[in-house]
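Residue-level structure breakdown
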Amino acid sequence: MISGRSNKKRGFIEAFELPPQTLPLLLWNDHPNDDDDDDDRKGVENSSFIAKKNDDGYCIVGWPPIKFRRKKICSHNRDDNDRTVLHNGSARAGVGGGVNPNSKYVKVKMVGVGIARKIDLSRHHSYQTLTNTLINMFGKCQQDAQSFKLAYQDREGDWLLAGDVPWRTFIQSVERLKILRIGG
Amino acid sequence: MDSKRKKDSPESNELTRSSPFPDEVLERVLGLVKSHKDRSSVSLVCKDWYNAERWSRTHVFIGNCYSVSPEIVARRFPNIRSVTLKGKPRFSDFNLVPLNWGADIHAWLVVFASKYPLLEELRLKRMTVTDESLEFLATTFTNFKALSLLSCDGFSTDGLAAIATHCKNMTELDIQENGIDDLGGGWLSCFPENFTSLEVLNFANLSSDVSFDALEKLVSRCRSLKFLKVNKNITLEQLQRLLECAPQLTELGTGSFHQELTTRQYAELESAFNNCKNLNTLSGLCEATPLYLPVLYPACMNLTFLNLSDAALQSGELAKLLDHCPNLQRLWVLDTVEDKGLEAVGLSCPLLEELRVFPADPYEQDVVHGVTEMGFVAVSYGCPRLHYVLYFCRQMTNAAVATIVKNCPDFTHFRLCVMNPGEPDYLTDEPMDEAFGAVVKNCTKLQRLAVSGLLTDLTFEYIGKYAKNLETLSVAFAGSSDWGMQCVLSGCSKLRKLEIRDCPFGNEALLSGLEKYESMRSLWMSACNVTMNACRRLAKQMPRLNVEVMKDEESDDSQADKVYVYRSVAGPRRDAPPFVLTL
């Protein structure tokens, strides 16, 4: 199940070092462009741009520069996750920003909750924002969050505890999420 | 101005005229001048010519809707029948501009309603158009004929229904690549039964079903229909029936090309295409089953434009198809055809002038396919007339580009996108400076350039030094310092549009172009090193420019994350949303 870490049972908040106050929730259904530039700005903060091979893949909004319509066609043959994204995108009104072409939707199941949800990981850049969103998504408050832990299934099919590897490594390998009760 | 006074006719009371032609003659002559650039030049000759030009102009092109107001346009040009308007900055195509930024057509329509009641044509690009506006358009302008919406947003199929219902003289309805709310295909059925004037119909971009019965009847009764582009929901069988009704088509966009056909259906489809001897443009072919491509062959003889960007063809399939298209001038493909497919292009299309290669899987990291520099080189050997290229690839070399522009020195549009930002020459590991240096040195007619890959300031030194006809430059993830941008601003005398993202250009670069910006349409800089103070200085020193800033959510107070600078005679925007700061 959770490899090699069963003796390290940590609360949600403890695991991800959330500050005591509530972080602002990222609106992940509206305003798709608001948090876009964060990732790629890191590369250009220096006055001389040093090209880095971006091993996380394209987490850059609007890159490559392909028009909205074309993105839909190109993604047509991809897997389930993305197809769901497309479906949502085309049903949305007045789509100028529309579907984030770099979406990474994964399923999230919470123990005891019948219906799984989906979350777009591309909108998050840290475990903090992710867990906050998840807390709210499942209708829990900060205190409740203490009794849960977040696990993820990676590409090899192994279940691991989220938070142990750097965010960038996590985001590359995560396939699905599960929220488990501590001590249960 | 002519200082000699010609003898005026007795009827004329304009004794101080300097022009040898009466107004009517001059207007007649100038009325034949179509190009808007020529018309601009004409209007600058002298006052008489300015007046004659403004009275005789029937079509106005406005490249930036905020550069002028509809009132000013109407005052200057009293007889306009056709308007082309462009709105948002081009980077809005790539999600860099938030929704509700502006460029709403409505204010324009209100003015046109009183000043141009006989308006016939409206062509909009990157504008916001609501259903109310479409309804207003349809019910107000009784002579309205042609509507073209490209990359617009804000409307739904309800707006289209209003157009179909009320515009009795419609000849053109062209809806392309828009962010539209597709509420259903009922709009098509709104064309009245006695409506027969349609010549152009393009709804390829819409996703819901239209009534095929209504479509078939519409196509049958519109005997002048020349361009028909249907959406993906139209099956091959339905397509065949449409072609039977309209063999006179010159431009066709098919629906999906993968229905399962019986032998008889296949034969009928082939026969239908065989009857379409006038086709010069073919597109659509969504999810094309290669097995059915041969039905197209009889119709390909006169094809000049083939758009396969929705059909993920392999190299062999493309090669076979191109064998039947000897007169091809423009080709758009997906990179599924790979270098081998592009070799076939080089072999089969000697008349090719334009090539666009789009990535089938742009966000996939582990792709081992797609096209490389070899494909591009192969095309350049076989197609010496090539002058427009848009090429998405994952690797490129300086040497390859040098070869390409040696083979094809006539490039007017060179848009190369190496998809990994900051990617060097993959053989030498050097920056791609020499590649673009070769482009600008060899291609003296270059008007539009998009650069990519690992680039230092040297690229921009080359551009500033050699690209004397350059009008549009797109830059992303490139350059080393302010010097790069300064070279471009000082060297490219004909520069009109400069769009930059994620480059280390800062205040010094921005402020080095003060006077330059007044001769340009616009400047866009996002995710660079420009501060709010520098933008304020720019705005203060250049009152005829609009300097607008959009800030990102978590950015520093002093950073100007997205800067849009453009000249305007209309003053600052009055409709700017709160997130657009006008300085």
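Residues numbered from 1 in each chain as written. Chains lettered and ligands numbered in written order. Predicted model: local features only at pLDDT ≥ 70, side-chain atom pairs only at ≥ 80, totals over all residues. Heavy atoms only, no water.

Chain B carries the name F-box domain-containing protein in an unreviewed UniProt entry, which gives Vitis vinifera as its organism.

Rules: UniProt positions are given in the numbering used here, feature names are shortened, and annotations may be inferred rather than shown by experiment.
Going by an unreviewed UniProt entry, chain A carries the name Auxin-responsive protein and comes from Vitis vinifera. Per its UniProt entry, chain A bears the Subcellular location (unreviewed entry) comment "Nucleus". Here chain A is described in UniProt, under the heading Sequence similarities (unreviewed entry), as follows: "Belongs to the Aux/IAA family."

Details of the overall build of chain B
Selection criterion: Elements are defined by DSSP. Helices are runs of H or I of four residues or more, strands are runs of E of two residues or more, and each kind is numbered from the N terminus. We compute the radius of gyration from the C-alpha atoms alone; for a globule the expected value is 2.2 Å times N to the 0.38, where N is the number of residues. In what follows, a contact means two residues having at least one pair of non-hydrogen atoms within 4.5 Å. Accessible areas in this description were obtained via Shrake-Rupley with a 1.4 Å probe; residue shielding takes into account the shown protein chains only.
Secondary structure summary: chain B contains 19 helices and 23 strands in total. Radius of gyration (C-alpha) of chain B: 26 Å, near the 25 Å computed for a compact globule of 583 residues. Summarising its shape, the C-alpha atoms of chain B cover approximately 75 × 70 × 55 Å along the three principal directions. Sequence-distant contacts, at least 24 apart, represent 69% of the contacts inside chain B between residues at least 6 apart. A total accessible area of about 23,400 Å² is found for chain B, and carbon and sulfur atoms account for 51% of it.

Regarding the overall build of chain A
Counted only if it meets this: Each residue is assigned to one of three classes by its accessible area relative to the maximum for its type, calculated with a 1.4 Å probe on protein chains only: buried under 20%, partly exposed between the two thresholds, exposed over 50%.
When its secondary structure is counted, chain A shows seven helices and five strands. The helix and strand sequence of chain A, counted from the amino end, reads α-α-α-α-β-β-α-α-β-β-α-β. When each of the 184 residues of chain A is scored for burial, the buried share is 46%. The contacts in chain A between residues at least 6 apart in sequence include a share of 62% that link residues at least 24 apart.

Examining the packing of helix α2 (residues 36–43) of chain B against helix α3 (residues 47–56) of chain B
Residue and element names in this part refer to chain B. This is how it is decided: In this description, a line fitted to the C-alpha atoms serves as the axis of each element, helices being fitted only across the stretch in contact, and the angle between N-to-C directions of two axes falls anywhere from 0 to 180 degrees. In this classification, the charged set is Asp, Glu, Lys and Arg, the nonpolar set is Ala, Val, Leu, Ile, Met, Phe, Trp, Tyr, Cys and Pro, and all remaining amino acids, among them Gly, are polar.
Close contact between α2 and α3 brings their axes to 7 Å; oriented N to C, the two are set at 145°. Between α2 and α3, the contacting residues are Arg 39, Val 42 and Ser 43 on the first element and Trp 49, Tyr 50, Glu 53 and Ser 56 on the second. Within the contact of α2 with α3, the residues separate by chemical class into three nonpolar, two polar and two charged.

Describing the packing of aromatic side chains
Aromatic rings in a pair are described by how distant their centres are and how their planes are angled relative to each other. All names here are of chain B. What counts, and what does not: Ring geometry is summarised as follows: Phe, Tyr and Trp rings, the Trp one being its six-membered ring, pair when their centres sit within 6.5 Å, and such pairs are stacked at plane angles under 30 degrees, edge-to-face over 60 and tilted between the two.
On inspection of all chains with the given rule, the structure shows 25 aromatic pairs over all chains. Between Trp 101 and Tyr 564, the aromatic rings sit 5.9 Å apart at their centres with planes inclined by 65°, giving edge-to-face as the arrangement. Remark: Tyr 564 occurs in strand β22 (residues 562–567) and Trp 101 occurs in the loop between β2 (82–86) and α5 (106–115); sequence separation between them is 463 residues. Like Trp 101, the residue Tyr 564 is buried in the burial classification. Seen in terms of ring centroids, Tyr 462 and Tyr 466 are 6.5 Å apart; in terms of plane orientation they differ by 45°. Their pairing is tilted. With Tyr 462 and Tyr 466 both in helix α16 (residues 457–466), this residue pair falls four residues apart, about one helical turn. Owing to a relative accessible area of 14%, Tyr 462 belongs among the buried residues under this scheme. Clustering of aromatic rings is evident, with ring pairs tying together Tyr 66, Phe 91, Phe 94, Trp 101, Trp 524, Tyr 564 and Tyr 566.

Topic: α16 of chain B
When we look at burial in α16 of chain B, the residues that qualify are Asp 457, Thr 459, Phe 460, Tyr 462, Ile 463 and Gly 464 of chain B. Buried residues along α16 of chain B sit in contact with α15 (433–442), β17 (448–450), β18 (472–476) and α17 (482–491) of chain B.

Points about unusual backbone geometry
Residue Trp 63 of chain A is joined to Pro 64 of chain A through a cis peptide bond whose omega torsion reads -5°. Topologically, Pro 64 of chain A is positioned in the loop between α2 (38–41) and α3 (68–74). Residue Ser 151 of chain B is not a glycine yet carries a positive backbone phi of 55°. Looking at where Ser 151 of chain B falls in the secondary structure, it is placed in the loop between β4 (146–150) and β5 (153–156).

A look at the pattern of salt bridges
Residues and elements named next belong to chain B. Note the threshold: Here a salt bridge means any side-chain nitrogen of Lys or Arg lying within 4 Å of a carboxyl oxygen belonging to Asp or Glu.
Inspection of the entire model under this criterion finds 26 salt bridges over all chains. Between Glu 216 and Arg 241 there is a salt bridge, with its nearest N and O atoms 2.8 Å apart. Taken as a pair, Glu 216 in helix α8 (residues 212–221) and Arg 241 in helix α9 (residues 236–245) lie far apart in primary sequence, 25 residues in all. For Glu 216, a relative accessible area of 16% translates into the label buried. Arg 330 is the partner of Glu 354 in a salt bridge, and the nearest nitrogen-oxygen pair spans 3.0 Å. Highlighted residues: Glu 354 in strand β14 (residues 354–358) and Arg 330 in strand β13 (residues 330–334), separated in sequence by 24 residues.

Here's the deal with the side chain of Asp 182 of chain B
Inspection of the secondary structure assignment puts Asp 182 of chain B in the loop between β7 (179–181) and β8 (200–202). Apart from residues lying up to four places away in sequence, Asp 182 of chain B is in contact with Thr 157, Leu 206, Ser 207 and Ser 208 of chain B.

Focus: the confidence of the model for chain A
Just so we agree on the cut-off: What pLDDT conveys is the predictor's confidence in a given residue, as a value from 0 to 100.
Chain-level statistics for chain A give a pLDDT mean of 59 and a share of 45% at 70 or above. Here residues 71–100 of chain A scores under 50 on pLDDT; set against residues more than four positions off or in separate chains, the count is 59 contacts.

Let's talk about the environment of Gly 163 of chain A
By the secondary structure assignment, Gly 163 of chain A is in the loop between β4 (159–161) and α7 (167–173). Using a relative accessible area of 24% as the deciding quantity, one classes Gly 163 of chain A as partly exposed.

Side note on the packing of helix α6 (residues 131–140) of chain B against helix α7 (residues 157–166) of chain B
Residue and element names in this part refer to chain B. Stated precisely, the cut-off is as follows: An angle below 35 degrees is read as roughly parallel, one above 145 as roughly antiparallel, one from 65 to 115 as roughly perpendicular, and any other as oblique.
Close contact between α6 and α7 brings their axes to 8 Å; oriented N to C, the two are set at 5°. The orientation of α6 with respect to α7, classified from their angle, is roughly parallel. Where α6 approaches α7, its residues Asp 131, Leu 134, Glu 135, Leu 137, Ala 138 and Thr 139 are matched on the opposing element by Asp 158, Gly 159, Leu 160, Ala 162, Ile 163 and His 166. Of the residues assigned to the contact of α6 with α7, the class counts are six nonpolar, three polar and three charged.

Here's the deal with the sheet that holds strand β5 (residues 176–181) of chain A
Residues and elements named next belong to chain A. Let me state the cut-off plainly: For two strands to be treated as a pair, DSSP must find no fewer than two bridges joining them.
Pairing is mixed across the open sheet formed by five strands, whose spatial order is β2-β1-β5-β3-β4. In this open sheet, the two edge strands, each paired with only one partner strand, are β2 (117–120) and β4. Taken pair by pair, the neighbouring strands of this sheet meet at an average axis angle of 35°, ignoring direction. Relative to β4, strand β3 (residues 148–153) runs antiparallel, the two sharing three bridges. When the sheet's bridge partners are listed, Tyr 152 is paired in β4 with Leu 160. Across the sheet, helix α5 (residues 127–137) is in contact with β1 (105–110), β2, β3 and β5; its angle to β2 comes to roughly 150°.

Some points on the pairing of β4 of chain B
Along any regular strand the residues' side chains alternate between the sheet's two faces. Residue and element names in this part refer to chain B. Convention followed: Think of it like this: strands point away, you trace from the first strand over the helix to the second, and a clockwise trace means the crossover is right-handed.
Of all five residues in β4, four are buried, a share of seventy percent or more. Sheet topology note: the strand β3 (residues 121–125)/β4 ladder contains five bridges and is parallel. Counted as the bridge partner of Leu 122 is Leu 147 from β4. Taking the sense of rotation as the criterion, the β-α-β connection linking β3, α6 and β4 turns out right-handed. Two elements, β4 and strand β6 (residues 172–176), share five bridges in a ladder whose sense is parallel. The partner of Ser 148 across the bridge, within β6, is Asp 174.

What to know about α3 of chain B
Listing the buried residues of α3 of chain B in full gives Ala 52, Glu 53, Arg 54 and Ser 56 of chain B. If you follow the buried residues of α3 of chain B, they end up packed against α1 (23–31), α2 and α4 (70–76) of chain B.

Remarks on the UniProt feature "domain: Transport inhibitor response" (unreviewed entry) in chain B
In this numbering, the UniProt entry assigns the feature "domain: Transport inhibitor response" (unreviewed entry) to residues 78–124 of chain B. Helix makes up 21% of residues 78–124 of chain B and strand 19%, whereas the separation of the span's terminal C-alpha atoms amounts to 20 Å.

Remarks on the confidence of the model for chain B
All names here are of chain B. Confidence in the prediction of chain B, expressed as mean pLDDT, is 93, and 96% of residues score 70 or more. Of the regions scoring below 50 in pLDDT, residues 1–13 engages in ten contacts with residues more than four places distant in sequence or in other chains. Predicted as a complex, the structure gets a pTM of 0.77 and an ipTM equal to 0.85.

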